[in-house]
Amino acid sequence: MNKRLLICRGNIVYSKDRDEMAVHTGSYVVVEDGRVEGIYEKLPEKFQGAPIRDFGDSVIIPAFSDLHVHAPQFPQRGLGMDLLLADWLNTYTFPQEARYADTDYAKEVYGAFLKTLTENGTFHACIYGTIHREATSWLISQMEKKKIRAFAGKVNMNIQSPEYLCETTEESLRETEIFLETFAGNRYAKPILTPRFAPTCSFELLKGLGRLGQKYGAGMQTHLVESRWEAMESIRLNPECSCDTEIYEKAGLLENGPVIAAHFIFPGDEDVRILKKHGGYAVQCPDATVNIIAGIMQTAHLADEGIRLGLGSDIAGGHLPGIYTQVGRSVQLSKLKAFYEPEGNRAILFANAFYMATKEGGALFGKVGSLEPGYEFDALVIRDFSDPFRKITPEETAERFCYTGNPGDILAGFIHGEQVTGGQAEEKALC
Ligand code: GUN
Ligand code: FE
């Protein structure tokens, strides 16, 4: 049977590794059955005569991965940004999340959320729902239908939470098990355990979730050492543990699948050791940590320690949905960290942050985040950012897009070699 063939021409830019970008100027990317077959300056004989999508001076880059985002908080983005975590949760977030008991409301918000995510070039994501199974089920089903690679979870909260969001342990475990069971067979959007964070989850609940993780081969996402208050509160509640990360290890939550630790701003040596041992990701959410935490992750140090890194929008702790905006912000924060705390810290480069947002973050979802042969063609076409005053290189266009771009600069988006956003995709739009 003939393979599904797509050939795009343009300036192709992607990360080879943490430090090095690959740039293919005026080249062809050949995509067979949704995967990159190769990149060529001159099209090989066997592909001559095939139709070509010529994107001219535009730049083709991998689509972005958002490793930490709260779908239900989409309607509160940009609000309460003058508060810090605990007050922000109590004043804005918890009342907003209570509304997802109404599944019809959830469908409207989640539809708009997914549309915004994809319009911003995020095609892979680790997503928090709320405690409500029905609403979260709709979200994960929609993503599966649209072939969006994701991990999505029903949130667990059974202590220190407002009455309207507080589950009993039994109810939380029962609902989570139904959620895992229902979506265990998903190919693209997979279920993941989502204890909100240790201050709102009893150890009994976490242990129960650990057992479910083992039974269903499900990983875990949570907020980890995200603020000094959170780290201290977690240990106060679990005095037999020496650090926040050990709580999840003791509960058996770090050995069943991917481990995604949002923020990881104030880790001690033990937190780093345990997360590394389990191959977990530390997710920097640059805007969110400035907005509601006022802490800065030690990105360069954690990379040196061998911790996997990714970037998150953390909507609505962060106010912007595009992960490309967080690339520049990550560089900015690393400079502040290195300036104010020079010991053990150094500034990172654009290439380092772009790698986190694409190839490194993407690795969580399979072969996505690069344009090397064998990778899924999950890609974006970015307009040339040269202006009349200065012609810039394709790599510089990638950088300028991350700092100054908006969704209108993304001319086309492809998932598995199918156009899903921009131009011709309009009629068969994703969402
Ligand atoms: N910690 C506990 N819940 C939340 C949340 O919803 N957002 C962020 N950023 N941190 C949290
Ligand atoms: Fe968060």
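To be clear, the structure that these remarks concern was listed above.
This structure is a prediction, so every number in the text was calculated from the model and none was measured.

Draft legend 1. Focus on the overall build of the protein chain. Assigned secondary structure in the protein chain consists of 13 helices and 17 strands. Its C-alpha atoms give the protein chain a radius of gyration of 21 Å, near enough to 22 Å, the size a compact globule of 431 residues would have. Principal-axis analysis of the C-alpha atoms places the extent of the protein chain at approximately 65 × 50 × 35 Å. Per-residue burial over the protein chain gives 62% buried out of 431 residues.

Draft legend 2. Here's a closer look at the site of ligand 1. What surrounds ligand 1 is the set H70, Q73, L85, W88, L89, R196, F197, H223, E226, H263, I292 and D314. Note that a nitrogen atom of ligand 1 is positioned 3.5 Å from one of the side-chain N or O atoms of H70. Measuring from a nitrogen atom of ligand 1, one finds a side-chain N or O atom of H263 at 3.4 Å. The protein chains hide 100% of the 280 Å² of surface that ligand 1 would expose on its own. Looking at the shell around ligand 1 element by element, the count peaks at 3 residues for helix α1 (residues 85-98). The residue makeup of the shell around ligand 1, split by class, is 5 nonpolar, 4 polar and 3 charged.

Draft legend 3. Spotlight on the coordination of the iron ion (ligand 2). For the iron ion (ligand 2), every protein donor is listed as H68 (NE2), H70 (NE2), H223 (NE2) and D314 (OD), and the spread of their distances is 2.0 to 2.3 Å. One can describe the site at the iron ion (ligand 2) as irregular: its 4 donor atoms subtend angles covering 88 to 176° at the metal. Mapping the donors of the iron ion (ligand 2) onto the primary sequence yields the spacing H-x1-H-x152-H-x90-D. Note that H70 is positioned in strand β5 (residues 64-70) and D314 in the loop between β14 (308-311) and α11 (323-340), a separation of 244 residues in sequence. Both residues of the pair, H70 and D314, count as buried.

Draft legend 4. Structural view of the nonpolar core. Counting residues in hydrophobic clusters, the biggest one holds 101 residues, and the most contacted among them are F64, F113, I127, M143, Y248 and F264. Per-element tally for this core: the top contributor is helix α2 (residues 103-119), with 7 residues. Residues in contact with F264, not counting those within four places in the same chain, are L224, V225, T245, D271, V272, L275, A282, M297 and L302. In terms of nonpolar packing, the next biggest core, distinct from the first, is built from 17 residues, A22, V36, F377 and A412 among them.

Draft legend 5. Geometry of unusual backbone geometry. In this structure, A316 follows I315 across a cis peptide bond, with omega equal to 10°. You will see that D33, though not glycine, has its phi angle at about 50°, which is positive. Along the polypeptide, D33 turns up in the loop between β2 (21-32) and β3 (35-40). Judged by its relative accessible area of 37%, D33 is partly exposed. Despite not being glycine, Q160 shows a phi value in the positive range, around 50°. You can see Q160 is positioned in the loop between β8 (155-156) and α4 (169-183).

Draft legend 6. Representation of the packing of aromatic side chains in the model. Using the criterion set out here, one finds 15 aromatic pairs in the structure. Measuring from centroid to centroid gives 5.3 Å for Y100 and Y105, while their planes differ by 55°, and the two rings are tilted. Look at Y100 and you get buried, because its relative accessible area is 0%. On the numbers, 6.2 Å between centres and 65° between planes, the contact of F385 with F401 is edge-to-face. Of the two residues, F385 is situated in the loop between β15 (379-382) and α13 (394-404) and F401 in helix α13; the sequence distance between them amounts to 16 residues. F401 matches F385 in its accessibility class, with the two residues each being buried. An aromatic cluster is present here, built from F64, Y324, F350, F354, F385 and F401 joined pairwise through their rings. Sitting over the face of the ring of F74, R77 holds its NZ or CZ atom 4.0 Å from the ring centroid. When the ring centre of F385 is taken as origin, the NZ or CZ atom of R383, which lies over that ring, is 4.1 Å away.

Draft legend 7. Main features of the sheet that holds strand β6 (residues 122-128). Strand order in this open sheet of 4 strands is β5-β6-β7-β9, and the pairing throughout is parallel. At either margin of the open sheet sits one strand with a lone partner, and together these are β5 and β9 (189-191). Taken over all neighbouring pairs, the strand axes of this sheet differ in orientation by 20° on average, direction set aside. In terms of strand pairing, strand β7 (residues 149-153) meets β9 through 3 bridges, oriented parallel. Bridging from a neighbouring strand, F151 pairs with K190 of β9. Contacts between helix α3 (residues 133-145) and the sheet are confined to β6, β7 and β9, with β9 contributing the most and set at about 145° to the helix.

Draft legend 8. View of the side chain of E233. By the secondary structure assignment, E233 is in helix α6 (residues 228-237). A distance of 3.0 Å separates polar atoms of two side chains, one belonging to E233 and the other to Q160. Setting aside anything within four residues of it in sequence, one finds E233 in contact with Q160 and P199.

Draft legend 9. View of the sheet that holds strand β16 (residues 410-415). Taken in spatial order, the 7 strands of this open sheet run β3-β2-β1-β4-β15-β16-β17, and their pairing is mixed. One side of each edge strand has no neighbouring strand; the edge strands of this open sheet are β3 and β17 (418-421). Direction aside, neighbouring strands of the sheet carry axes that sit 40° apart on average.

Draft legend 10. The arrangement of a negative patch on the surface in detail. On the surface, a cluster of negative charge is contributed by D102, D104, E108 and E134. Along the polypeptide, D104 turns up in helix α2.

Draft legend 11. Spotlight on the environment of E255. Relative to the elements of secondary structure, E255 occurs in the loop between α7 (244-250) and β12 (259-263). In the structure, E255 is positioned 98 residues away from M157 in sequence and 21 Å away in space, judged by C-alpha atoms.

Rules of the game
- Residues numbered from 1 in each chain as written.
- Chains lettered and ligands numbered in written order.
- Predicted model: local features only at pLDDT ≥ 70, side-chain atom pairs only at ≥ 80, totals over all residues.
- Heavy atoms only, no water.
- Helix = DSSP H or I, 4+ residues; strand = E, 2+ residues; numbered from the N terminus.
- Rg over C-alpha atoms; globule rule 2.2 N^0.38 Å.
- Buried < 20%, exposed > 50% of the residue type's maximum accessible area, 1.4 Å probe, protein only.
- Near = heavy atom within 4 Å.
- Polar contact = N/O pair within 3.5 Å; in protein donor to acceptor, adjacent residues only side chain to side chain.
- Areas by Shrake-Rupley, 256 points an atom, 1.4 Å probe, with all protein chains shown as cover.
- Nonpolar A, V, L, I, M, F, W, Y, C, P; charged D, E, K, R; others polar.
- Donors = N, O, S within 2.8 Å, 3.2 Å for Na, K, Ca; no water.
- Tetrahedral: all angles 85-135°; square planar, octahedral: opposite > 155°, others 65-115°.
- Core = buried A, V, L, I, M, F, W, Y, C linked by side-chain atoms within 4.5 Å.
- Contact = heavy atoms within 4.5 Å.
- Phe/Tyr/Trp six-rings, centres within 6.5 Å; stacked < 30°, edge-to-face > 60°.
- Lys NZ or Arg CZ within 6 Å of the ring centre and 35° of its normal.
- Pairing = 2+ DSSP bridges.
- Axes fitted to C-alpha atoms, helices over the stretch in contact; angles between N-to-C directions.
- Patch = residues over 30% accessible without salt bridge, like charges linked within 9 Å, V, L, I, M, F, W, Y side chains within 5 Å.
- Salt bridge = Lys/Arg side-chain N within 4 Å of Asp/Glu carboxyl O.
- Lys, Arg positive; Asp, Glu negative; His and termini not counted.
- Charge placed at Lys NZ, Arg CZ, Asp CG, Glu CD.

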